[in-house]
Each structure stands twice: as structure tokens, then as C-alpha cells.
Amino acid sequence: MKPLFFLIVGWLCGSVAYAQGNDTAMRVHDPVIAKCGNTYYLFTTGRGIAVWSSPDLRQWRRERPVFADPPEWTLAAVPGFKGHFWAPDISYHDGQYYLYYSVSAFGKNTSCIGLATNMTLDPADPRYRWVDRGKVIQSYPGVTDWNAIDPNLVEDDTGQAYLAFGSFWGGLKIARLAADRLKVSGDTLRLVTIASRKTDPNPIEAPFIFKKSGYYYLFASIDYCCKGVESTYKMIVGRSRQVTGPYLDDTGKDLAEGGGKLLLAGDDRWMGVGHNAVYTFDGVDYLIFHGYDGQDNGMPKLRVEILEWNTAGWPELED
């Protein structure tokens, strides 16, 4: 497997450089992408939710963050929160972009998923304005067996929206959203588990569900992120005919029971790889994720790869 694109952006000053096939890459965590007009917009973990734009998925420009200041509700919900948002998810519905995001205390399930909407992603458009819609769902220590972070929105074949999310604790969950997509509907104390490692601790997070050829493919990250060169992150996948599962791997094992087909693990260069998203742009499927660069002190960097599908219908990366 070879990298398709490597990119670098000055982390603090916002300066831009472009390199392909060399040792540099853009420093990001938990990337997701949407296309608005002819421009790609990248959203990542960061102060105020970090944003970049690109005409070609190669050369990136730093944009203003989504939030200049964190919404007041986030400060009340997660004491000590200082505006460093985690793991956003971007989608488009009924004339608006929906940006779900995570607010959390590190190492605790004192967490919330919030939502902001915008009519456009183009900062030059006079309609451009992020409107915070508040809290979608919250997890509580000692009350919920799940962690309300790492959201991903998926629609079923009828257009009903669901939110997959989770990290450690009781694994990855899926919940039905209300028609306006602003809140989770139903009993949040009894959510469906779609993936778990069935261990304690339970190192699984970052669900992403992608529809293709009659299947819903659930991608997830297992083992440990955020440890630089000691990171052991890797990606697994399962699939289901139903959006709520069960999701089975290529051996038939349920991901909720510890299953999962390995998609990508670290190597001598990239010490851990994970928190992926999958998109189709101009007829090509892409795997978007971050990897910890062993040649740069374990810095987390953007990776963009072409995703292929084998004859059995399972995703794999180019050789």
C-alpha cells in the first residue's frame, strides 16, 4: 500500500505548502471531508473545530475555525472544557450542512455530542454562518455504559437518519435521530451496540458507516491512539444489510462480539493508523484517516488513500 497524497500545513501560523510522495503531511486528528461547489472542506479535532479548504484534495489552506468561542452550553455540560473540540462529522441534508462534534473530558465519559449547521461551507458566501443547535446526546459517568463522542451520521434506505458513536466503555452504539436531526429519539439508556472488543478496557472507537452495493459497512478503530510512536491504532470493518446491524466480518463473526476484518494496521513508518472516514468523490472511493508518523516523532498526519473493493465486496487499499 502506498500513500496517495501527503500534505503539510503550518499548524500555528496557517502557512501553506504542498508536497506529494515525500516525508511531509498535514498535521490533523480525526479528519472528515465534505465538498461544497468545487472545493473540499476538511474538519478535524482542534480549537473551535479546525477547518481547511482545498480545490483538489492535495493543496490545503487553513480557514477560520467553526467556533471563535465555545457555545455556553458546552462549558456547563463538561466542567473545565476550554474549546478544544474532538472528532467532528459533516453531512448534507435538506439545504444545510450538519456538523456533529464532540465535547469531552479526557479519559472520562463526561461527554456530549453537539450540532452546528450552515447553509454553505464557503466562507466567501454571504450565507455563511455556523449556527449552534446545542446538545444532541450526553453520557454520564456511572449512568451510561457508553461515551458520547466520535459521532457519524448515516441514513438508511428510507432516508431515516441514525447517529453512530462511541469510544471504549460499552463499545460503539447507534441511535435513531429525530426527523429534524437535532436530537436522539427513544430510550438512550438502552442503545444498540454495533461493535465491541469484549475486553476491559474496551479499545474501540470512531465508527463510520458507508453504504455500498446493498451493504452498510461499519469501519472502526481499535487499540490505542494518541501515543505518538507508541500508538497501536488500526482499522477494522464489518458489514450488514441493516443499518442497525448486526455487522459481521468476513468470517461471519459479529463486531459486537469482538469481530472485525482488519483493513489497515501500522507499519515501520506509520506507527498507528485510524479514525477513518470514507467518501465517494467523482466516482472514486477514498479512505480518509490520520497516521502517527514514526519519521516525525509520532506526529498525527492526514492520510488520503484510494479505497478498492475485492470480488467478495470487502474494502482494501491499493498495493
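Residues numbered from 1 in each chain as written. Predicted model: local features only at pLDDT ≥ 70, side-chain atom pairs only at ≥ 80, totals over all residues. Heavy atoms only, no water.

1. Quick word on the overall build of the protein
Test applied: Runs of H or I in DSSP of at least four residues are treated as helices and runs of E of at least two as strands, each being numbered from the N terminus. As defined in this context, the radius of gyration uses C-alpha atoms, and a globule is described by 2.2 Å times the residue total to the power 0.38. Relative accessible area decides the class of each residue, using a 1.4 Å probe on protein chains only: under 20% of the type maximum gives buried, over 50% gives exposed, and in between gives partly exposed.
Scanning the protein from terminus to terminus reveals 1 helix and 23 strands. Relative to the compact-globule value of 20 Å for 319 residues, the protein shows a C-alpha radius of gyration of 18 Å, a close match. Taken over the C-alpha atoms alone, the protein extends approximately 50 × 45 × 35 Å along its principal axes. Within the protein, the fraction of its 319 residues that count as buried is 56%.

2. Side note on the confidence of the model for the protein
Note the threshold: Within a predicted model, pLDDT stands for the predictor's per-residue confidence, ranging from 0 to 100. For this analysis, residues touch if any pair of their heavy atoms sits within 4.5 Å.
When the pLDDT values of the protein are averaged, the result is 92; 92% of them are 70 or greater. Across residues 1–24, confidence stays below pLDDT 50; counting only partners more than four residues off in sequence or on other chains, it has 64 contacts.

3. Concerning unusual backbone geometry
With an omega of 0°, the peptide bond between aspartate 200 and proline 201 qualifies as cis. A cis geometry characterises the amide bond from glycine 245 onward to proline 246, with omega recorded as 5°. Mapped onto the fold, proline 246 is located in the loop between β18 (234–240) and β19 (261–264). Positive phi, normally seen in glycine, also occurs at aspartate 30, with a value near 65°. Residue position: aspartate 30 is located in the loop between β2 (16–19) and β3 (32–36).

4. A closer look at the sheet that holds strand β11 (residues 131–139)
Spelled out, the test is: A pair of strands counts as paired when DSSP detects no fewer than two bridges linking them.
Spatially, 5 strands are ordered β5-β8-β9-β10-β11 in an open sheet, and the strand pairing comes out antiparallel. Each of the sheet's edge strands pairs with one partner strand only, and the pair in question is β5 (46–47) and β11. Relative to strand β8 (residues 84–93), β5 runs antiparallel, the two sharing 2 bridges. Counterpart to arginine 47 in the pairing with β8 is histidine 84.

5. A look at the state of the cysteines
The condition is simple: Disulfide: a pair of cysteine sulfur atoms within 2.5 Å of each other.
Tallied over the entire structure, the rule returns 1 disulfide. Between the sulfur atoms of cysteine 225 and its disulfide partner cysteine 226 the distance amounts to 2.2 Å. Disulfide cysteine 225-cysteine 226: the torsion about the S-S bond is -70°, which places it as left-handed. Taking relative accessible area as the criterion, cysteine 226 reaches 43% and is therefore assigned partly exposed.

6. Some details on the nonpolar core
The line we're drawing: In this text, buried Ala, Val, Leu, Ile, Met, Phe, Trp, Tyr and Cys residues form a nonpolar core when linked through side-chain atoms within 4.5 Å.
One finds Phe43 and Ile90 to be the most contacted residues of the largest nonpolar core, which totals 57 residues. With 6 residues, strand β20 (residues 270–281) is the single largest residue contributor to this core. In terms of nonpolar packing, the next biggest core, distinct from the first, is built from 17 residues, Tyr162, Leu172, Ile209 and Ala220 among them.

7. Side note on the sheet that holds strand β12 (residues 152–155)
Adjacent strands of a sheet pair through backbone hydrogen bonds, lying either parallel or antiparallel. Heads up, the condition is: Each axis is a line fitted through C-alpha atoms, and for a helix only the stretch in contact is used; angles between axes span 0 to 180 degrees, taken between their N-to-C directions.
Overall, antiparallel pairing links the 4 strands, which are arranged β12-β13-β14-β15 in an open sheet. Since the sheet does not close on itself, it has two edges, and those belong to β12 and β15 (192–195), each with one partner. Averaged over all neighbouring strand pairs, the angle between strand axes comes to 35°, with direction disregarded. Sheet analysis places β12 next to strand β13 (residues 161–165), joined by 4 bridges and oriented antiparallel. Within β13, the residue paired with valine 154 across the bridge is tyrosine 162.

8. Description of the packing of aromatic side chains
What counts, and what does not: Pairs were defined over the aromatic rings of Phe, Tyr and Trp, the Trp ring being its six-membered one, requiring ring centres within 6.5 Å. Orientation was assigned from the angle between planes: stacked under 30 degrees, edge-to-face over 60, tilted for the rest. In this scheme, the term charge over a ring applies when either NZ of a lysine or CZ of an arginine sits within 6 Å of the ring centre and within 35 degrees of the ring normal.
In this structure the tally under the stated criterion is 18 aromatic pairs. In this structure an aromatic cluster arises from ring pairing among Tyr40, Phe208, Tyr279, Phe281 and Tyr286. In this structure, arginine 239 packs its charged tip against the face of tyrosine 215, placed 4.2 Å from the ring centre. For arginine 241, the ring lying beneath its charged end belongs to tyrosine 215, and the centroid distance is 3.8 Å.

9. A look at the pattern of salt bridges
As a reminder of what qualifies: Salt bridge, as used here: a side-chain nitrogen of Lys or Arg that lies within 4 Å of a carboxyl oxygen of Asp or Glu.
In the structure shown here, the tally under the stated rule is 13 salt bridges. A salt bridge links glutamate 63 to arginine 61; the nearest nitrogen and oxygen atoms lie 3.0 Å apart. Each of Arg269, Asp293, Asp296 and Lys301 takes part in a single network of salt bridges with overlapping partners.

10. Quick look at the environment of cysteine 36
With respect to the secondary-structure elements, cysteine 36 resides in strand β3. The class for cysteine 36 is buried, based on a relative accessible area of 14%. Separated by 17 residues in sequence, cysteine 36 and serine 53 place their C-alpha atoms 10.0 Å apart. Ignoring anything within four residues of it in the chain, the contact list for cysteine 36 reads Tyr41, Tyr97, Thr120, Leu121 and Asp122.

11. A word on the pairing of strand β9 (residues 96–104)
Across the 9 residues of β9, 8 count as buried, placing the element largely inside the fold. Bridging between β8 and β9 involves 6 bridges; their strand directions are antiparallel. Bridging across to β9, serine 91 finds its partner in tyrosine 98. Taking the residues between adjacent antiparallel strands as the criterion, β8 and β9 are bridged by 2 residues, where aspartate 94 takes a positive phi near 50°. Direction of pairing for β9 relative to strand β10 (residues 111–118): antiparallel, over a ladder of 8 bridges. Note that in β10 the partner of tyrosine 100 across the bridge is leucine 115. Counting the residues in the hairpin turn of β9 and β10 gives 6 residues, including glycine 107, whose phi is positive at 80°.

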